[in-house]
Each structure stands twice: as structure tokens, then as C-alpha cells.
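# Residue-level structural notes
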Amino acid sequence: MKFMKLGSRPDTFITTEAVRSVNSEVTSDLIVQVKGSRYLLHKFPLLSKCSRLQKLCSESPETSHHQIVQLPDFPGGIEAFELCAKFCYGITITLSAYNIVAARCAAEYLQMTEDVEKGNLIYKLDVFFNSCILSGWKDSIVTLQSTKSFPLWSEDLGITSRCIEAIASKVLAHPSKVNLSRSYSRRGDISCNESESTRHNKTSSKSWWAEELAELSIDLYWRSMIAIKSGGRVPANVIGDALRIYASRWLPNISKYANPKKQLEYDQKDSDSIGKYRLLLESIITLLPAEKGAVSCSFLLKLLKAANILKASSSSKMELARRIGLQLEDATVNDLLIPCLSHTCDTIYDVDIAITILEQFMLQGQSPPTSPLRRKGDFERRRSRSAENIDLEFQESRRSSSASHSSKLKVAKLVDRYLQEISIDSNLPLSKFISIAEAIPEFARLDHDDLYRAIDIYLKGHPELNKSERKRLCRMLDCKKLSMEVCMHAAQNELLPLRVVVQVLFFEQARAAMSGGHVTELPSNIKALLEDTAKTSATFNKTPVDDQWTTASALKSPNSNLSTLKMKLAEDDDDDDDLDEIGKSSRIKALRVIPNRPKRMFSKLWSNNRSAASEKN
């Protein structure tokens, strides 16, 4: 920290009965009042260096002993005035980055220019500022911070802009030193901090400039970061880390603002705090680098949670959602569980923002994951081109689409697990559940186990769903993509529509037959269910079988129960007409032929089972 001393005389200012004066043999003839404080001084040393005091003395009436001058709007207060007064008396003063702004504004107010006297205070302060303050990193930071007390004066004198330019030039001049640490954190923060295990001591951090800039207020920080970004030398990920450090420094623990029921009880102080933090958050969002991956997806989602709590603007939330969508594959389920704090929202989590994020993810214009398989004949006809070129083209196409394909596979897993977390909410509408589930393309779900678990949780948490709603919910399931364990669970699930259970049993038995002719032995409770179905088939027209139970005995005993199954499925189809408007996938439409042609669809399976059993014997 650099400093400058001016003057050589000892300090002779004294305080007597709340009045400051100079201990001198010469009687004072000037009274200066500065913001409630009174000074008994002498005209000659002050008027010889201060043009403004000369003008005020010429305009004010002179009393018998003293002439009074009022300075009510003096910048810097009594401390800055005493610095200027002591300079006029030749008393030693010490100037540094901590008081140079106040002294420079006070000297400008008093008009201590070269026109009044050569080597006046303004000239000396400008020399010290340009040659020493701006050349030092810490001095520039401290000086820029002190301009906050004199914003208008500092802007008019160019102090603020000069400090920002000096700071940016130092960062841009040393690009090799901007390797920021990912561990900087100062206080607990639900919106922006990293985990405790990643925190390190500040002294060991390599973020030499970002941690210093984090001490600035948001308006000065914003201008400094704009100047640094405009230089084009600092990598985007380093800018992103700097923003994370700043958010960790200034965004406090805002959980106390997260209760929507108490927000009407906040006093004016709390409202002002929320407004200040909202401005800070929205400013950080505007500074986020445009490059994908410049900031972590986790950090973006924490900013989004903070935006919900602080009621940030819709444009800010949309910008965060867009950026999160670009790198959604890096998110975790806990990151996506954003509390819903709107008074009009009944759900626990903000599902609408999750849907928006998924839409942004799907809008990236990624190419299809794989190209259609070539038939052997097609391959033979194209053998005129070299095998090396064909292999190269294939590898290039795989490289161009592998990133998008892998990201969709990751997001599909993420979405299904997210659905499991939100499905327990009894206020979650069916339409929103389906919107989230159907946002993922069909090819991205290699298996439907997680989706089945989510549907099962939703059915348990929403017992009021009618038959058509349960069918609409389960239409997304592809029974061919369920594991054997899940199939066994689904076959016994009383909440599933009958059609789904039949499909599960059919595909499981078909899969077992194709794998080696051995059909998996059904559990004892399903066998009991099959026997019960057979008993009720005689009175089926009078007492329909409950839709929650499976007539899977038709798979084992087609002669005795096939008619019962056919009639039950036909009855089940009567409720499908009102769902046509919603639309069905081609796969579901194809499966609807099961009730009309049960013998033809199951005969092959039964024949395989019988042949396998005879071979075994």
C-alpha cells in the first residue's frame, strides 16, 4: 500500500468546547461550519489556496470579529475538510488509497487549483493518483471501493472509470495467472456455495484477482467485469468461476425468504434486502459467459433456486433455464428439485420451470442418434468406394451425434428419477407428469424400469384417478423394455390397468420362450389369482372382474379362461374412445388388436410352451 506525505509542520488543531481551532498566537478571523461542526481558522492561509472560500467570503457579510462561511454539502465531511485545511497551514498530512478520493473531492469542492496557487492540492493529488495509486493492484481496488461514498463526484472527476481501466488492464496483462480455484467460499449460502468438502483456505487459492474483486459492490463489480470480458483474453470458464466466487461472497443465506406464507409479513427492511439481493442476482445473470460449460450446471440451478426465492424477473429465470437446458446432462435430481414459492402454485416443487428446462434441452437441434441399419445387399452395392472411406464416414457420423445421443440418454435417466421424486406430491397434475415424461424421445429410454417406478409412485399418491386417467398415464410404458424383476412387480400391481398387466405378462412369456423355450414359473399369488379368475368366468356377465386384477390364467389355460379374458378386454376397450382425442402412439394402437384376436396372438406362445415342456420330459 503506497502513501504520500505533504507538509512539514506539526499538527496544531485542537478541540475546545466542541469547536475545532488552530493553536496559534494570531487571532482567528474566519468561522467555517461543515455539517454541524465549527472551525475557528484564519483567512490568509485558506483563501490563498481555496478559490471557493474567496468567493464565499466576498459574498457573506463580515461581523465585528469573524466572518462566517457555511459549507453544508461539503463532500467527505469534517475529515476531508481538515485534510485540506491542514494542507493550507502546511501541517503534515498522509494520503493513501483509503482517503485520496475524499481528499480529491474536497479539493475540487474548494477549487484548490493551479490558477489559485502553483503546486496546489489538486495537482499533487492527481500526480499521486496517476503515478502510484493506478499502478498498484491493491491500491486500485481500495480506491475504487472508496468511490462508493462519493459516486457523483468520483464519476465527474473520472476516478471511477480510471480505476476500472487500471484493474482490467492488470487482469488482461497476466492471462497466465487467472487460473481460478473452484473452492472459494466465505459463508453458508443455499444458492451458490460449493460443498463443504471443496472449501480451501483463501491464502492457498490461485484466484488472485477474482477474490479481490469480490469485495466490490455490485455496480462497480459489474462494470469491472464488463471491462475484463471486453478485453477478450480471459477464458470463459475463468469468468464463470469469478462470478461463482462473487455470488458466494455476497448472496447470504436467503432461506428465511423462502416461505411464501410469511412474505406478506416482511417489514420494509426485509423488502429492501430482497430488492438488493434481487438486483445483485440479476446482474450476475447478465454477466454469465455465453459459452456452454463456462459455469457448472449445478451453479446455474442454484442461481435459479435463488431467483425463485427472490422473485427475480421472468427474463432472468428464462435465461437461466435456457443455459441449464444446454448442459442438462450434468445436473442431478437434487439440483432440479426447485421449491415452488408462488402463491398460486399448489405443488411442492416448481414443475413448470423443469418443463421449460426440458424444452430448452430438446431445442438444441441435435441430430438423430443413429442411422438406419444397412441391409447386406445395400452394403454390397456400395463396395465401389473404399472400405477405409466408409469406415471413416461412419466414425465421423458417430462422433458428430454421439455427444447429443449420450446426453439424451443421461437426461432420460435424470428425468425418470426426477419424476419419482415429484410423483409423491398429491397436488401434481397428471398433465404435468405426462408432459415431463413425454419430453424425452422414445429412443433415449433404453429401459423403462425407472419410468415404471415413477408411474407406480404416482398411482399410489393419487388414488382418485379414474380408469381413463390410469390408462393415459400408463400409455407411455413400453412393456418390452421392462426388466424381469419389474415385470413380476407389474403383474401383481393392482393399480395398473388390466391391459398393461396383460401386455407385461405377454411380453415376459414371449421373451422367456424366445430365450430358450422355458417359460418363467409364475409366483404363487398369481397362480391363485388365475384360479380365482377361472372360478369367476362362469358369472362374468353378471359380476365383471375387477379391472385391477389380471386374467393371466389365459396364458396357462387358454381353453378355460380365453373367453373371460376376451370379454374383459372388450369391456375395457369401451373406455378408450374418449382417449382418441389425446392421441396414441403407433405401438399402443398395434397392441389394441390383442382383444380381437387373442387366439392367434397367444397360440404361438402356448405351442412353444407345450413343445418346450415335451422336450424337457
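Preceding this section is the structure that the text describes.
These lines cover the structure that appears in this document, whether it is placed above or below. Not measured: the values here are computed from a predicted model. (Residues numbered from 1 in each chain as written. Predicted model: local features only at pLDDT ≥ 70, side-chain atom pairs only at ≥ 80, totals over all residues. Heavy atoms only, no water.)

## Points about the overall build of the protein chain
Short version of the rule: To qualify as a helix, a DSSP run of H or I must reach at least 4 residues; to qualify as a strand, a run of E must reach at least 2; elements of each kind are numbered from the N terminus. Type-normalised accessible area, obtained with a 1.4 Å probe on protein chains alone, sets the label of each residue: buried when under 20%, exposed when over 50%, and partly exposed for intermediate values. Note on contacts: a residue pair is in contact if any heavy atoms of the two residues lie within 4.5 Å. All accessibility values rest on the Shrake-Rupley procedure with a 1.4 Å probe; residue burial counts only the protein chains present in the view.
Looking only at helices and strands, one finds 28 helices and seven strands in the protein chain. Counting all 617 residues of the protein chain, 49% fall into the buried class. For the protein chain, the proportion of contacts with a sequence separation of at least 24, taken over those separated by at least 6, is 73%. Surface summary for the protein chain: the accessible area is close to 30,900 Å², and the carbon and sulfur share equals 52%.

## Side note on the pairing of strand E6 (residues 67-70)
Here is the rule we go by: Think of it this way: DSSP has to see at least two bridges between two strands before they count as a pair.
Only one face of E6 is buried, namely the one carrying Gln67 and Val69, since none of Ile68 and Gln70 on the opposite face is buried. Taken together, the four bridges between strand E4 (residues 30-34) and E6 define a ladder with parallel strand orientation. Bridge assignment links glutamine 33 to a residue of E6, and that residue is glutamine 70.

## With respect to the packing of aromatic side chains
To keep it simple, the criterion reads: Between 30 and 60 degrees the pair is tilted, below 30 it is stacked and above 60 it is edge-to-face, where a pair is any two Phe, Tyr or Trp rings, Trp via its six-membered ring, whose centres lie within 6.5 Å.
For the structure on display, the rule yields nine aromatic pairs. Ring centres 5.1 Å apart and planes at 70 degrees place the aromatic pair phenylalanine 74 and tyrosine 109 in the edge-to-face group. With phenylalanine 74 in the loop between E6 and helix H3 (77-89) and tyrosine 109 in helix H4 (residues 100-110), this residue pair connects regions lying 35 residues apart in the sequence. Since its relative accessible area comes to 5%, tyrosine 109 is described here as buried. Judged by centre distance (6.2 Å) and plane angle (40 degrees), the rings of tyrosine 246 and tryptophan 250 are tilted. Of this pair, tyrosine 246 and tryptophan 250 both sit in helix H11 (residues 236-250), four residues apart, roughly one helical turn.

## Concerning the side chain of threonine 12
In this structure, threonine 12 sits in the loop between strand E1 (3-6) and strand E2 (13-16). In this structure threonine 12 comes out as buried when scored by relative accessible area, which is 17%. Not counting residues within four places of it along the chain, the set of residues in contact with threonine 12 comprises Ser21, Val22, Asn23 and Ile91.

## Focus on unusual backbone geometry
Of note in this structure, glutamate 17 is not a glycine but carries a positive phi near 50 degrees. Here glutamate 17 is to be found in the loop between E2 and strand E3 (19-22). The class for glutamate 17 is exposed, based on a relative accessible area of 75%. Phi angles above zero are rare outside glycine, and lysine 35 is one such case at about 50 degrees.

## A short note on the packing of H4 against helix H5 (residues 121-133)
Here is the rule: Structural elements are reduced to axes, namely lines fitted to C-alpha atoms, with helices fitted over the stretch in contact, and the angle between N-to-C directions of any two is expressed from 0 to 180 degrees. Any angle between 65 and 115 degrees counts as roughly perpendicular, while under 35 counts as roughly parallel, over 145 as roughly antiparallel, and the rest as oblique. Working rule for handedness: look at the near helix, and if it is turned counterclockwise from the far one by less than a right angle, call the crossing left-handed; if clockwise, right-handed. Put simply, Ala, Val, Leu, Ile, Met, Phe, Trp, Tyr, Cys and Pro go in the nonpolar bin, Asp, Glu, Lys and Arg in the charged bin, and everything else, Gly too, in the polar bin.
H5 packs onto H4 with a crossing angle of 150 degrees between their chain directions and a minimal axis gap of 9 Å. On the basis of their axis angle, the class for H4 and H5 is roughly antiparallel. The handedness of the crossing between H4 and H5 comes out as left-handed. In contact with Ile100, Ala103, Arg104, Ala107 and Glu108 of H4, H5 contributes Leu121, Ile122, Leu125, Asp126, Phe128, Phe129 and Ile133. In the contact of H4 with H5, the residues fall into nine nonpolar, no polar and three charged.

## A short note on the environment of asparagine 237
For asparagine 237, the location among the structural elements is in helix H11. Assessed through its relative accessible area of 34%, asparagine 237 is described here as partly exposed. For the pair asparagine 237 and glutamate 291, spaced 54 residues apart in sequence, the C-alpha separation works out to 8.4 Å.

## Notes on the state of the cysteines
For the record, the criterion: Note on disulfides: each one is a pair of cysteine sulfur atoms within 2.5 Å.
One pass over the full model with this rule turns up zero disulfides. Cysteine 88 carries a free sulfur, and the closest cysteine sulfur to it, the one in cysteine 50, is 4.0 Å from it.

## What about the environment of arginine 20?
Position of arginine 20 among the secondary structure elements: in strand E3. It is 9.7 Å that separates the C-alpha atoms of arginine 20 and glutamate 82, two residues lying 62 residues apart in sequence. Those residues in contact with arginine 20, other than ones at most four positions away along the chain, are Phe13, Ile14, Thr15, Arg38, Tyr39, Leu40 and Glu82.

## Notes on the nonpolar core
Applied cut-off: Note on terminology: a nonpolar core comprises buried Ala, Val, Leu, Ile, Met, Phe, Trp, Tyr and Cys residues joined through side-chain atoms within 4.5 Å.
The biggest cluster of nonpolar side chains holds 155 residues, and the ones touching the most others in it are Leu71, Met112, Trp209, Tyr221, Met225, Leu328 and Leu473. The element contributing the most residues to this core is helix H13 (residues 297-310), with 10 residues.

Note that all results are geometric; they support no functional claim without further evidence.
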